[in-house]
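Geometric and topological summary
The lines below spell out each chain.
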Amino acid sequence: MLEILKIVLKWKNQILIFTVVAVLASVIITMPFIMPPYYKSNMVFYLSNPTSTDRAALFNEKEVGGVSIFGGKEDINRFLNILNSAVVNLYVIQKYNLTKHYKLEDEEKALATYYTQREFNSNFDAVRDDLGAIGVSMLDVDPVLAANIVKDVVAKSDSIYRSMLVENKSTVLTLLDKQIAQKQASGNEGEELRKLISIRDQYLVSSSADFKTLYVVEEPVPAIKKKKPVRWLIVLVTAVAALLLASFSALLIELYKHADKYGFQRS
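In short, a report on the structure.

Procedures and definitions
- Residues numbered from 1 in each chain as written.
- Predicted model: local features only at pLDDT ≥ 70, side-chain atom pairs only at ≥ 80, totals over all residues.
- Heavy atoms only, no water.
- Pairing = 2+ DSSP bridges.
- Helix = DSSP H or I, 4+ residues; strand = E, 2+ residues; numbered from the N terminus.
- Axes fitted to C-alpha atoms, helices over the stretch in contact; angles between N-to-C directions.
- Contact = heavy atoms within 4.5 Å.
- Phe/Tyr/Trp six-rings, centres within 6.5 Å; stacked < 30°, edge-to-face > 60°.
- Buried < 20%, exposed > 50% of the residue type's maximum accessible area, 1.4 Å probe, protein only.
- Lys NZ or Arg CZ within 6 Å of the ring centre and 35° of its normal.
- Arc of directions from axis to C-beta.
- Core = buried A, V, L, I, M, F, W, Y, C linked by side-chain atoms within 4.5 Å.
- Parallel < 35°, antiparallel > 145°, perpendicular 65-115°, else oblique.
- Nonpolar A, V, L, I, M, F, W, Y, C, P; charged D, E, K, R; others polar.
- 1 Å grid on protein atoms, 1.4 Å probe; cavity = no way out; pocket = protein on both sides within 12 Å on 5 of 7 lines; lining within 4 Å.
- Points joined across faces, edges and corners; volume = space filled by probe spheres on them.

Our focus in this paragraph is the sheet that holds strand S2 (residues 124–128). Here four strands make up an open sheet; going across it, the order is S2-S3-S1-S4 and the pairing antiparallel. Of all strands in the sheet, those with a lone pairing partner are S2 and strand S4 (214–218), marking the two edges. Taken pair by pair, the neighbouring strands of this sheet meet at an average axis angle of 25°, ignoring direction. Sheet strands touched by helix H4 (residues 73–83): strand S1 (39–47), S2, strand S3 (134–140) and S4. Its angle to S2, the strand with the most contacts, is close to 175°.

Here we come to the packing of aromatic side chains. Under the counting rule described, the total for this entry stands at six aromatic pairs. Judged by centre distance (5.4 Å) and plane angle (15°), the rings of Phe120 and Phe124 are stacked. Phe124 sits in the buried class, given a relative accessible area of 8%. By the ring-pair criterion, three or more aromatic residues cluster together here, those being Phe45, Phe79 and Tyr161. Here the basic side chain of Lys156 rests over the ring of Tyr91, its NZ or CZ set 4.8 Å away from the ring centre. Lying over the aromatic face of Tyr38, Lys228 brings its terminal NZ or CZ to 5.0 Å of the ring centre.

Within H4, the full set of buried residues consists of Asp75, Ile76, Phe79, Leu80, Ile82 and Leu83. Seen from one end, H4 has its buried residues packed into an arc of 160°, which puts them on one side. Exposed side chains of H4 directed beyond 90 degrees from the buried face belong to Lys73, Glu74 and Asn81.

Moving on, we get to unusual backbone geometry. In this structure, the amide linkage connecting Lys228 to the following residue, Pro229, adopts the cis form with an omega of -5°. The residue Pro229 is located in the loop between S4 and helix H10 (231–257) in this model. Located in the positive-phi region is Asn97, a residue other than glycine, with phi close to 50°. If you trace the backbone, Asn97 turns up in the loop between helix H5 (86–95) and helix H6 (98–101). You can call Asn97 partly exposed: its relative accessible area is 42%.

The next thing to look at is the nonpolar core. In terms of nonpolar packing, the biggest core is built from 28 residues, with Phe45, Leu83, Phe120 and Val136 touching the most fellow members. Listed by contribution, the elements that provide at least two residues to this core are S1, H4, H5, S2, S3 and helix H8 (143–185). Looking at this core, the element that brings in the most residues is H8, giving seven residues. Residue contacts for Phe45: discarding those within four places in its chain leaves Phe79, Leu83, Ala133, Ile134, Val136, Val154, Leu214, Tyr215, Val216 and Val217. Ile15, Ala246, Ala250 and Leu251 belong to the second largest nonpolar core, which has six residues in total.

The next point concerns the packing of helix H1 (residues 2–10) against H10. H10 packs onto H1 with a crossing angle of 105° between their chain directions and a minimal axis gap of 9 Å. Relative to H10, the element H1 is oriented roughly perpendicular. Packed against H1, whose contacting residues are Ile4, Ile7, Val8 and Lys10, the element H10 presents Ser247, Ala250, Leu251, Glu254 and Lys257 at the interface. Across the contact of H1 with H10, the residue classes tally to five nonpolar, one polar and three charged.

Glancing now at the layout of surface pockets. Unoccupied space between atoms shows up once a probe the size of one water molecule is rolled over them. Looking at the second largest pocket, its volume works out to about 190 Å³. Contributing to the lining of the second largest pocket are Pro36, Tyr38, His101, Tyr102, Lys103, Leu104, Tyr115, Arg118, Glu119, Asp140 and Val141. The element best represented in the lining of the second largest pocket is helix H7 (residues 109–123), accounting for three residues. Taken together, the residues of the lining of the second largest pocket break down into six nonpolar, one polar and four charged.

Below, the structure is given as structure tokens:
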């Protein structure tokens with residue numbers, strides 16, 4: 001250990017110069033005009049439970065028990081799949097012309113689309129937390145754009161999700177309307193017709209667009225403070241790495257110069 005310290009002290013000037021140069025290089029590289037700052041926008045929300053707006057739950061036609069207003073694991077996974085789908089990210093990419101924003105418009109069209117999606121996906125994140133909430137985030141050099149993208153991704157995903165929820169109810173409504181029309185055409189005004197009309201009306205209510213699908217906890221807003229790069233951390237890591245590398249190089253040089261003394265044989 002003492003020998004190592006002696007070597008380091010012997011080479012201290014060279015080690016110091018190398019470290020200072022490396023630190024200065026890292027300071028320059030992390031300047032905003034070379035490494036632009038990225039801002040992160042977040043949105044946090046809970047998914048509603050589709051069962052809570054079913055006809056049976058709304059009109060107590062059958063015992064449905066204590067139905068939670070929040071969606072379960074399967075509902076959350078479905079929504080996450082939509083959030084991360086190509087349909088949604090291509091919609092946002094086209095709306096905001098992200099190919100141009102990412103400076104990829106000079107690429108051949110197929111490659112430009114691929115690289116744009118890859119860049120988008122590297123900056124986008126959608127996850128479920130331990131409490132069952134969904135968090136959606138976006139990184140971008142433009143804090144306003146990042147917030148707008150998060151809003152649009154969630155809005156587009158919610159639109160697709162709502163369509164999935166009402167699709168089956170719409171099919172049932174169509175069948176009910178046909179049965180009601182048939183019974184009215186045959187002059188059937190008994191109890192069965194009134195029941196069918198009542199069920200149809202209940203399905204109409206349960207299919208209403210007024211029902212919430214999302215309960216927002218945190219709205220996306222333009223970030224004030226940058227998320228990355230963390231300049232001081234890059235400079236610190238560079239300084240430590242440069243110091244270690246320079247010291248190690250000095251040790252290797254001294255070992256080579258005095259191979260006989262340290263029991264090594266030069267090739």
